[in-house]
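Geometric and topological summary
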Amino acid sequence: MASVSLKKNYRCFKSLQQFYSGGPFAVSSDGSFLVCACNDTIKIVDSSNYSIKATIEGDSEPVTALSLSPGDNFIFSSSHSRQIRVWDVFSLKCLRSWKGHEGPVMAMACHPSGGLLATAGSDSKVLVWDVDGGFCTHFFKGHKGVVNSIIFHPDPTRLMLFSGGDDGTVRVWDLTTKKCTATLDKHFSAVTSITVSEDGWTLLTAGRDKVVNLWDLHDYGCKITVPTYEVLEAVCIVRSASPFASCLDLYKQQLGRKRGSQSIYFITAGDRGVVRIWNSEGAVCLFEQQTADFTINSDEEDSKRGFTAAVMLPLDQGLLCVTADQQFLFYSLTECPEGCLKLTVRKRLVGYNEEIVDMKFLGEDEQFLAVATSVEQVRVYDLDSMSCSYVLGGHTDIVLCLDTCVSNSGTTLIVTGSKDNNVRLWEAESTRCLGVGIGHMGAVGAVAFSKKRRNFFVSGSSDCTLKVWSLDALSDDMEQSMKAKAVVAAHDKDINSLAIAPNDSLVCSGSQDRTASVWRLPDLVSVVVLRGHKRGIWSVEFSPVDQCVITASGDKTIKIWAISDGSCLKTFEGHTSSVFRASFLTRGTQFVSCGADGLMKLWTVKTNECIATYDQHSDKVWALAVGKKTEILATGGSDAVINLWHDSTASDKEEAFHKEEEGVLRGQELENAVSDADYTKAIQIALELRRPHKLFELFAELCRKRDAEIQIDKALHGLGKEEFRLVFEYIREWNTKPKLCHVAQCVLFRVFNILPPTEILEVRGIGELLEGLIPYSQRHFSRLERLERSTFLLDYTLMGMSVIEPEMDEKAAAATKAAASVQLKTEDAETATGDEEEHKQNGDELRERVASSSKKRKSSKSKGKGVVAYKKVKGASFGEAPAISSQA
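The shown structure was predicted, so the numbers you read here are calculated from the model rather than taken from an experiment. (Residues numbered from 1 in each chain as written. Predicted model: local features only at pLDDT ≥ 70, side-chain atom pairs only at ≥ 80, totals over all residues. Heavy atoms only, no water.)

1. Description of the overall build of the chain
Scanning the chain for helices and strands turns up 13 helices and 57 strands. Across the 888 residues that make up the chain, the buried fraction comes to 49%. Pairs at least 24 apart in sequence give 45% of the contacts found in the chain among residues at least 6 apart. When the accessible surface of the chain is split by element, carbon and sulfur atoms take 51% of a total near 44,100 Å². (Helix = DSSP H or I, 4+ residues; strand = E, 2+ residues; numbered from the N terminus. Buried < 20%, exposed > 50% of the residue type's maximum accessible area, 1.4 Å probe, protein only. Contact = heavy atoms within 4.5 Å. Areas by Shrake-Rupley, 256 points an atom, 1.4 Å probe, with all protein chains shown as cover.)

Spelled out as structure tokens, the structure:
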């Protein structure tokens, strides 16, 4: 058998993040991106690949209103802080902000010209603002409650503003006269949506009183009231040139009816979760969805359910509906061969996944991912587009676990366990439920498909029992009730995980009672109990090649057990919190784990070594899926983020080889440039290769030249902002060392001479870099000042020893010399006169002393020789002439 190549690294290549938590959103004028409120942030989502292009951080308060300018250049937002902000779409910077309402802003709209912004608040006020100046141009008051919706007239020449509130009234405001032109009072509940017809002379209003009113803007009279028998959240006009209108016209022609000149097609969406298309002539419903495309929660009567918003997409891209569980449904209307209309979901985006508890790859090619979140449905994602392909709905409580397989007939199956105590079997292609398993007395927390025969599955529940369910008696025609083939009371506490051996002979169960048990199939006879963990076991899995089981526990450890005798073979420690999942990789020679510390770790079984740790989640990682063919990893957890990982060992090795090869070539270019004395090129290459030591040598060489300033300036002129940032980083490091600080200060001085302050401030992280430069520079200058003061003491000492003379100018030196000469002549004359008189007076005495000394010379001859030698040495040491001793 060929040797197994161990994996060394994984990379996250795709990520599905939350981008919408409910509330306001806006669509760009060309439909290329969405702007969505996500708690206290604003997410800009690309419509082509559903990735988050940018995130705008808010003020820690939930966003309550959003709008886009007509040219998609600006985003207008407001939150519970009542602060209205204007953001630049490209730079993501807040251009200006102001406050105007006494309560939160509930809705806002931008004038078609882009110069005015209207805001509706919970303080019953409607304000109009100048976008450029940020000041209020109109102040309207008249509503008696919260103003829910507001729009400008689509014709820029007609300066009209419409607002609807929860007092059931719609008010028309004239921006020219700054007065309320009309009050449309025919709704009996809150007005939720307002729109204007294509010709601009009919106003449509929808409310929670289950009717749509059409108003004539000539006299502001109600033309017709359309009862919908549904709490409405949105009403949309169907443009005459759109594909929707073309399909509707063809449909009416088949029915033998023609569209009237005054008829208006409009769409309604509400709490029933179905889309309906109406004709204003006769208030006829032309189309209605038979079933909702998502599961509607009806437990809480006060909470919103069904659709919460709907808009017609620009450029005839269809209809966008938003659900109460944060799903974006993109609809297209087509005509069936039978002559009826069909509304299909073109794509589905899930803005918020709640907490992800389990996931598995789906299909033969593993191109789909089935995800169980804290909702009653299972969402299946297409890994290419990262959009939600379809939803499996049928459980009445939260889905806790799932497993997938491809049957021997080629059918892709999904089994799910829920808190409603039931298990359900699904067919992925048709999204139908094939069977329901009823019998557990507690929440079903673990399910596992057969690995070989694929004709049964096992379920474990919080009622501490295991059940084996057969798939043989199921038919594809209708949903059937499944019966358990075998049942056993397996544990003392909840069962958290199940795994079936590759040959379908054994099943292993992990429980909160800190044990894992191995059972023989199909009769569930106990084989061995694995004891040793100090906390509950969250995950179990059989090795694909060896007779062993891996378990992950809440005691922060992972253990591998021998099935034969139940002994613990290895223990792996490294996680700082509970380990929730552990799965084998690379034919059982490696495994990957994740846990409550938000980390994913890659381990090698033979060496007990964790070779890689990945920190891509901000909260607990509950779910881990491993592709059996592709060995792609998928992780998900409490942060509602799904990350996809692929093995990058080969690509990393190849990249390192190419990088090393390129480094060698560039290094040779660097040496050639140095030998040619091309310092400009050499410095640029040293910066590219990130070689600070070589860069220092080059600058030090330049500093020793006569024209150092010119050479350094020439080398620095060709650098960009990122390269200057690297230079600042290197200077900061050099400046910390006294031996290198002189070159660092020289280069820093030249950089400050070249770059103006405005460009220096544009360097990324310049504040932190300067903070590291200032204290060491001050220390170096203090050291130089102390050295200079020490030289003054040396000068004073040398002057006192007459080694050096004090510095003076030429005139002072000449005057001093003349005065010294005069004083010397005077002293010589006085000395000569005094010597003559003294010689006369002491002549006799001198002769007597000479005679006396000649008598004693013989007796002290040896002593005199020692004195002479001593005086010679003493005189030589103090700079005196040796003749003094002979005179003595």
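2. Thoughts on the packing of aromatic side chains
According to the stated counting rule, one finds 21 aromatic pairs in the structure shown. Arranged with centres 5.8 Å apart and planes meeting at 70 degrees, the rings of F572 and W603 form a pair that is edge-to-face. In this pair, F572 is assigned in strand 50 (residues 568-573) and W603 in strand 53 (residues 600-604), connecting sequence segments 31 residues apart. What makes F572 buried here is its relative accessible area of 2%. Note on F728 and F752: the rings are 6.2 Å apart at their centroids and 40 degrees apart in plane angle, and the pair reads as tilted. With F728 in helix 6 (residues 721-734) and F752 in helix 7 (residues 741-754), this pair connects stretches of sequence that are 24 residues apart. Here F728 falls in the buried class, since its relative accessible area comes to 1%. You can call F752 partly exposed: its relative accessible area is 37%. Pairwise contacts between aromatic rings join F19, Y20, F25 and F328 into one cluster. (Phe/Tyr/Trp six-rings, centres within 6.5 Å; stacked < 30°, edge-to-face > 60°.)

3. As for the side chain of D513
Following the sequence through the fold, D513 ends up in the loop between strand 44 (506-511) and strand 45 (515-520). In this structure, D513 is buried with no salt-bridge partner, the nearest side chain bearing the opposite charge being R531 at 6.8 Å. Engagement of the side chain of D513 in a polar contact is seen with the side chain of H491, the distance being 3.1 Å. Looking at D513, its side chain comes within polar contact range of the main-chain nitrogen of D492, at 3.1 Å. Residues contacting D513, with those up to four places away along its chain left out, are H491, D492 and K493. (Lys, Arg positive; Asp, Glu negative; His and termini not counted. Salt bridge = Lys/Arg side-chain N within 4 Å of Asp/Glu carboxyl O. Polar contact = N/O pair within 3.5 Å; in protein donor to acceptor, adjacent residues only side chain to side chain.)

4. Some points on helix 6
Taking 1.5 Å of rise per residue, 14 residues should cover 20 Å, and helix 6 covers 20 Å from first to last C-alpha, within 8% of that figure. Looking at helix 6, one finds that the buried residues are F724, R725, L726, V727, F728, Y730, I731 and W734. On its buried side, helix 6 packs onto helix 3 (679-688), helix 4 (692-703), helix 5 (708-717), helix 7 and helix 9 (766-800). (Expected span 1.5 Å × (residues − 1).)

5. Some details on a nonpolar patch on the surface
Nonpolar side chains collect at one region of the surface, where F781, L784 and L787 lie side by side and expose about 310 Å² of accessible area between them. Mapped onto the secondary structure, F781 falls in helix 9. (Patch = residues over 30% accessible without salt bridge, like charges linked within 9 Å, V, L, I, M, F, W, Y side chains within 5 Å.)

6. Comments concerning the sheet that holds strand 22 (residues 232-237)
What the four strands build is an open sheet, ordered 22-23-24-25; its pairing is antiparallel. Because the sheet does not close on itself, it has two edges, and the strands there are strand 22 and strand 25 (284-288). Adjacent strand axes in the sheet meet at a mean angle of 25 degrees, parallel and antiparallel pairs treated alike. Pairing of strand 24 (residues 275-279) with strand 25 involves four bridges; the strand directions are antiparallel. The residue of strand 25 that forms the bridge with W278 is C285. (Pairing = 2+ DSSP bridges. Axes fitted to C-alpha atoms, helices over the stretch in contact; angles between N-to-C directions.)

7. A few points about the packing of helix 7 against helix 9
The N-to-C vectors of helix 7 and helix 9 enclose an angle of 120 degrees; their axes lie 12 Å apart at closest approach. The angle between helix 7 and helix 9 falls in the class oblique. In this structure, the crossing between helix 7 and helix 9 has a hand that is left-handed. Along its contact with helix 7, which presents C741, Q745, L748 and F752, the element helix 9 presents L770, L773, S777, H780, F781 and R783. Residues belonging to the contact of helix 7 with helix 9 are distributed by class as follows: six nonpolar, three polar and one charged. (Parallel < 35°, antiparallel > 145°, perpendicular 65-115°, else oblique. Left-handed = near helix turned anticlockwise from the far one by under 90°. Nonpolar A, V, L, I, M, F, W, Y, C, P; charged D, E, K, R; others polar.)

8. Concerning the sheet that holds strand 27 (residues 319-323)
Backbone-to-backbone hydrogen bonds pair the strands of a sheet. The strands run either parallel or antiparallel. Read across the sheet, four strands follow the order 26-27-28-29 without closing on themselves; strand pairing throughout is antiparallel. Both edges of this open sheet fall to strand 26 (307-312) and strand 29 (341-350), since each of them pairs with a single strand only. Here the average twist between neighbouring strands, direction ignored, is 25 degrees. With four bridges connecting them, strand 27 and strand 28 (residues 327-335) associate as antiparallel partners. By the bridge assignment, V322 is partnered in strand 28 with F328.

9. Some thoughts on unusual backbone geometry
That bond from L521 to P522 is cis: its omega, 5 degrees, falls within 30 degrees of zero. Position of P522 among the secondary structure elements: in the loop between strand 45 and strand 46 (525-531). One non-glycine residue, R454, lies in positive phi territory at about 55 degrees. For R454, the position within the fold is in the loop between strand 38 (444-449) and strand 39 (456-461). Unlike most non-glycine residues, D504 shows phi in positive territory, near 65 degrees. Secondary-structure assignment places D504 in the loop between strand 43 (495-500) and strand 44.

10. Examining the pattern of salt bridges
Under the counting rule described, the total for this entry stands at 25 salt bridges. For K125, the salt bridge goes to E102, with nearest N and O atoms at 3.1 Å. With K125 in strand 12 (residues 125-130) and E102 in the loop between strand 9 (94-99) and strand 10 (105-110), the pair connects residues that are 23 residues apart, well separated along the chain. On the basis of relative accessible area, K125 is assigned to the buried category, the value being 10%. Salt bridges sharing partners connect three or more residues here, namely E722, R725, E729 and R764.

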